[in-house]
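Fold and contact review
Each chain, written out:
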Amino acid sequence: MRVTREDLISIIFLLPLYIFIIIMVFIPIINVILGSFGISIFGEQVNATFTLAGYKEFLAPESPYLYSLFFTIYVSLIATIISVLAGYLFAVYLTVKKPPIWSKISTVMTIPLFTPYIVGAFMWWTLLWPRGYLSLLINGLLMKLGVVHEPIPLVNDPYGIGILFGEVWIRFVIAVAIFYGPLQMINPELIDAARSLGAGTWTIIRKIFIPLTKYALIATSAIILLATMAGVSIPLILGGSWPQFLNVMIYLDVTTRFNYLMAYTSGVFYIIASATLGYLFFRFTTRKVVLQTR
Amino acid sequence: MPRILLKDIVKRYGKVIAADIPYLEIKDGEFFGLLGPSGSGKTTTLRIIAGLTKPDKGRVYIGDEDITDVPPEKRNLGMVFQSWALFPHLTVFENIAFGLRLRKLSEEEIRKRVKWAAELLQISELLDRYPHQLSGGQQQRVAVARAIVLYPRALLFDEPLSNLDAKLREQVRFELRRLQKELKITSVYVTHDQAEAFAICDRIAVINKGKIQQIGTPEEIYNRPETVFVAEFIGITRFIKGRVEDIVDESKGIIRVLTEDGLELYSWANLEKVKKGSKVFVAVRPDFISLVSKELKEKNVFKAKVELATYEGDVMDYEIRIGQWRLRFKTPPMYRFQPGQEIYVKLHEDKLIAIKE
Amino acid sequence: MDSKLVITATIVLIVGIIIGWGIASAMVSGKVQTVTTTITQTTGGTQTVTTTITQTAAPGVEKLNKKNVYTLSWDQIEQLAKKEGQVVWYGFGSTYERDFFTQLCQNFTAETGIKCTYVHGSWFDTVQKIISEKEAGKETGDIDVVLAWSKPFAMAYEAGAVWDVNLAEIIPNSKGIPFVARYFHDMYPTNGRHLPILAWWVGFLYRRDLYKYPDDLPKSFDELLDWVKKHPGKFTYCDPNKGGSGHTFLMGLAEWFYGYDKFAFVKFTEEHAKEIFYSKGKYGMNFWEYLNELEKYLYQPGNYPQGNKATIELFEAGEVTLEPMWISITMQEVKSGRLDPNWVGMYIPEPTMPGPFDGVFIPFNAPHKAAALVFINWLLSNKVQALIPQKIGAYPAVTEAWKNVPDEVKKQPWWPINPPYNDLIKWREFGPLWFRHADYMFWMMKTWTDEVARK
C-alpha cells in the first residue's frame, strides 16, 4: 500500500511523541525488567549474568518485600477510600448547599495542591510526632475519653496512620477538585425535581449524583490509588521502621545497601501491581461511552 | 383538592426584593397563573410554595395545614420544570416511577400507576426509552406524567412550555388545561407569555418586581387593568397622558380627559381611584380603535397619520399618530394604507381605560 | 493501514536509538558537564543540598601518575600542585559541616595560593558520578578530593574509580593517624587509598540534670537491659536504616554481645553472618532475641525514631532521657538553641563504642592530583585537625592534634566524661579502639528490619 503524503505528515507530527515515549517510558521500564534478572544495559554491572536470585528473595515466604508490597497496596487503598468518600461528599455539599464562604476559603483549601510532597510530609511529621500539637490534642482527647491509657504513636507507626494523614491531606483536595466539575454540570433542576418527588438528600446522592458521576468516581479513585502507591516522600518521612512502603525499601536498598538487584526486582513488582490496578479500573470506564449530565 | 394560601410572604436576595406577597389565595381545583416578566419573582413565589426556597417571612398553607416548615420532599406537590428535569440515566418508566419507588409501593401498584399516567399523557409506547431519545414535546409529557403519578395535592408548573416551538406550544396548552380539568388538581402555572396564561388559567396574578399588581380572570385583567404596568403588559397597549377635566357619566364611569397638546377624549375610569383633576394614563389597544370613513363630528374621532404599516397576512398592523401620540392599530388586509396617509379613526370611550398615574 | 504503522515504528525506533546513544555518550564524554542533585539523607548526618558547578579540565600540566608519585619528593609535588593551581573538594554533612569545610577551603586558598573550591552534596551521588565516569572511560573529571565513608569508598574502589595510589605512604601528615585507621575503614581494607581526616563518634547522651554518672546510668552494655527495665520508656535508639547513631550503636552492641574478635577483620559471608547473629550470646539469647527483649522497655515500643534528628528531638522534648547519639549532632543542637546544655551529658559505655574514621580519597580521573595530595596533607596538619572538634564536634583523625584543641572546647558537655574517653590521646593509646565492620553492619541493618522491627 502506498504511503500518502498525509500519512507522512501525521507520522512526522507524531514522531516527537513516540520518541519521547520510547526514551522516557519504554527504555527505562525494559532496563528495570532486565535489571531484575541481573542484566544491566546502562549503569552498574556491565557484566550480564542472568539470575533469579532477586525473585527468589522477593517471593520467599515471609519475605519482607512481599509484605511491603501488600502494605503499600493496603494503605494506599485505605487512603484512596477515605479521600474519595470525603472528597465526594464535600463536593456534593458544595454543589447542593453552595455556602457563600466557599469563594473566600477555596483558595486556602487548594494549598495542599501547591505544597511539594516532601514539605507536606515534614509538616505532618511536626504535627504528629509525640510532641506535636495534633498528637497532643488527639491523644489528650482519647485518654480523656478513656479509649486509650497511654499516648498512641500517630506517625512512624506500624499501621500507617501517619502515612494516611499525609496522603489524605493531599488526595482529598484533589478529589474535591476533580469531582466538583462533573457535579456542577448536573442540571440543578434535577435536584429540585427529585426533592419534589419526595427524595431526601441522602437519596439524591445515591440515586442521582452517584449514577451521573459514576465514571468520575472510578477514574478519580484509580488516579488517587496509583498516585498514593507511587509517591515516596510521604511514606519515607511518615512511615515507620516496619512495615514500610515498597518504594521506601527500594530507596533504602539503593542508597544504603547499593543492592540494585532487589531494587530492580521490587520495581518490577511495583510496575506489575500498578499496571494491573490501573487496567482493572480503566477497563470499566473507557468501555462505555460516557452519558453524563444532560 | 385543597386550596393554597400565602400570607405575608417576603423573600429578599441582598437588597433585591424577590417576592413581597401579603395575601394570595388559590382556590381549590382552579388553574391559577402567575404572570410577569423575567425577574418579576413569579418563579420565586412558585418555589416558595414548593418548599425549594425558604421565605424570609410569612406562612404557606395547603388546605388548613401550615406547611411553611415542611421540607419540600414531604409536601407532596407535583412540579414540572422549565427544563423538564428528567433523570437522564433512567428510562421513561423509571423516571415516572421514581417518586413511587421512594414511597415503597408494590411493583404492581407502581406498574399500574405508571401505565395510567402514561395513557393519560399519551406516551405509553415510550416507556422503555431514555430521555435523550425523546423529542421536546415527549419529554414534557413525561415530566407531567412523573408529577401526577404521585396523586399530588397540587401541581406546580414553572414555564414548562418555553422550550418548545410555537406551534407545539399552542397545541400543548389546550392539552394541559384539559388534563387539569379532568383531574381537578389545584394547579399553579408560572409564565411570561400572556397568551399562554389567558388560554390556560382560570385566574391570573400579574406580578412585577416581586409584588402582585392585580389578580383576576383573563377578562378582568384584559379589560380592566388596575395599574399602568398591567395595562402595558397585557396585550399591545399605548398610552395617552392627560388630566381629568370632569366626570361625564358617573353611572357608566365615563370621564373627559384633556391632553397637554389639546386633545380632548372620553374614556372609562374606575371612579373610586380617578377623580376630577387626576393625572391619568389612558390605555389604548388596537381593538379599541375603529376606522371611520370621514371626519365625523363625534366624540373621540380623530385624524390620524399612518407612520408604519406591516402586512401580517391576516391583518394589517399600523402605527398611527394622533397629535403627539403614537398608537397601534389593525385592519383587515383589504385596507392597505401607506405611511404618510391620513385616516380617520374613532376611539371607543367605553373601551379606553384611564388609569391614575 | 498496516504499512503506515510499520514505517512509523521503524523510523521512530531508529531515530530513538540514535538520539539515545548520542545523549548517553555526550553526557559522559569530556565536553558536556554534569549536573548535581537534590535532597537526600545520609547515614552519618542530615539533609544536604547541592550546588552545581561547571568546570573544564585544567590545562595540561606535567601529570602526576601512579608511578612517578612515589619517586617525586614532597617539594616537587608541592610545586606541581602550585602549577595545577586548583583543587576541587566534594563533601557532605550538615550545615555546620558545610560551613566548616567551605571555611577550610578558603583558608587553604589563602595560605597556599592554590584555589580551593568546596562543593557540598551527597556522597551517594558523588560516588555514582565517579563510577559512571569510570565506566564511560572519562579520563579527566572535575573532582579532586571526595569525602566518603566506607561503603561508597568500597564501591568506588571496586569499580576502579579510585586513584590507585597509597596515600598513606605519600602524604607526610598521615603518620599521625592511628595505624589501623590508615589502612582500614570500617574494617574494609583500603590499602591507603582512602585517608581518614576526622572521626565522628557516637556516645550515650543522657540527662545530666537527672542522672549522675555512673550510679544512675548503665555504665556498660551489660547493665543496659536492667537499666531499661528500671526506666521503661526512657531509652530509644534510631532506626538503623535511617540514621547512623542507630547502626553504630547496634554494631557496638553486637561486638559486645558476641565479642569483638568475632568481627575484627573477619571476612564477610552471609552464612557466617547468620551463624554469628543467630547463635546464643549473652543472657542465653541470640542478638535478635536480646533486641526484642530490649524493645519492650523502649520509648513507644516498636516505634523507632526515623533518623538522627528525630531521635535527638525526642531527647530535646524530654520524652527520652538516654539514647545513643552522635557527639557532633548533639553539639549542633545545643548551638542551634534547640537543646538545653544543662541537660547534656555524654559518656562512652563499656566496653566501648566503635566509630568510623571518615575520610577522603582521590578519584582516578582527578584533574589536579598533586594539588589534591597537598590539600589532604594540609587537612591532616595539627592546626587544621585541632579545629575539627570545635567546629563540627568530631574527633580529629590525627590524635596529636587533640593537644591543640582549646580547653574551653574540651570542657563542653557533649564530650564523653568517663576516662579514658575524656582524653582522646589516652583513649587512642590505652583504651579499646573499635571499628565497625561495614559488611556485617549492613547485613545486620537489613536483618534488623525483619527480626526486630517486624516482630
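Below you will find a few notes about this structure. Only a predicted model underlies this, so the values are computations on that prediction, with no experimental measurement involved. (Residues numbered from 1 in each chain as written. Chains lettered and ligands numbered in written order. Predicted model: local features only at pLDDT ≥ 70, side-chain atom pairs only at ≥ 80, totals over all residues. Heavy atoms only, no water.)

**Some remarks on the sheet that holds strand E15 (residues 289-292) of chain B**
Residues and elements named next belong to chain B.
- The five strands are arranged E15-E19-E16-E17-E18 in an open sheet whose pairing can be described as antiparallel. The sheet is open, and its two borders are formed by E15 and strand E18 (325-331), each paired with just one other strand. Going across the sheet, the axis of each strand differs from the next one's by a mean of 45 degrees, ignoring polarity.
- Looking at chain direction, strand E16 (residues 301-311) and strand E19 (residues 342-347) are connected through five bridges and run antiparallel. Bridging across to E19, Phe-302 finds its partner in Val-345. (Pairing = 2+ DSSP bridges. Helix = DSSP H or I, 4+ residues; strand = E, 2+ residues; numbered from the N terminus. Axes fitted to C-alpha atoms, helices over the stretch in contact; angles between N-to-C directions.)

**Structural notes on the side chain of Thr-112 of chain C**
Residues and elements named next belong to chain C.
- In this structure, Thr-112 sits in helix H4 (residues 95-112).
- In this structure the side chain of Thr-112 is engaged in a polar contact, spanning 2.8 Å, whose partner is the backbone oxygen of Phe-108.
- At 3.1 Å, the side chain of Thr-112 forms a polar contact with the backbone nitrogen of Ile-114. (Polar contact = N/O pair within 3.5 Å; in protein donor to acceptor, adjacent residues only side chain to side chain.)

**Structural notes on the state of the cysteines**
Residues and elements named next belong to chain C.
- In the structure shown here, the tally under the stated rule is one disulfide over all chains.
- Covalently, Cys-105 is tied to Cys-116 through a disulfide, its sulfur atoms 1.8 Å apart. Here Cys-105 and Cys-116 share a disulfide; its torsion about the S-S bond, -55 degrees, makes the bridge left-handed. Of this pair, Cys-105 sits in helix H4 while Cys-116 sits in strand E4 (residues 115-120), placing them 11 residues apart in sequence.
- By relative accessible area, Cys-105 is classed as buried at 2%.
- Classification of Cys-116 by relative accessible area gives buried; the value is 10%. (Disulfide = S-S within 2.5 Å. Buried < 20%, exposed > 50% of the residue type's maximum accessible area, 1.4 Å probe, protein only.)

**Focus: the sheet that holds strand E11 (residues 238-249) of chain B**
All names here are of chain B.
- One closed barrel holds the five strands; their spatial order is E11-E12-E13-E20-E14, and the pairing between them is mixed. Pairwise comparison of adjacent strand axes, ignoring direction, gives a mean angle of 55 degrees for this sheet.
- Two elements, strand E12 (residues 254-259) and strand E13 (residues 264-269), share five bridges in a ladder whose sense is antiparallel. If you follow Val-257 over to E13, its bridge partner there is Leu-265.

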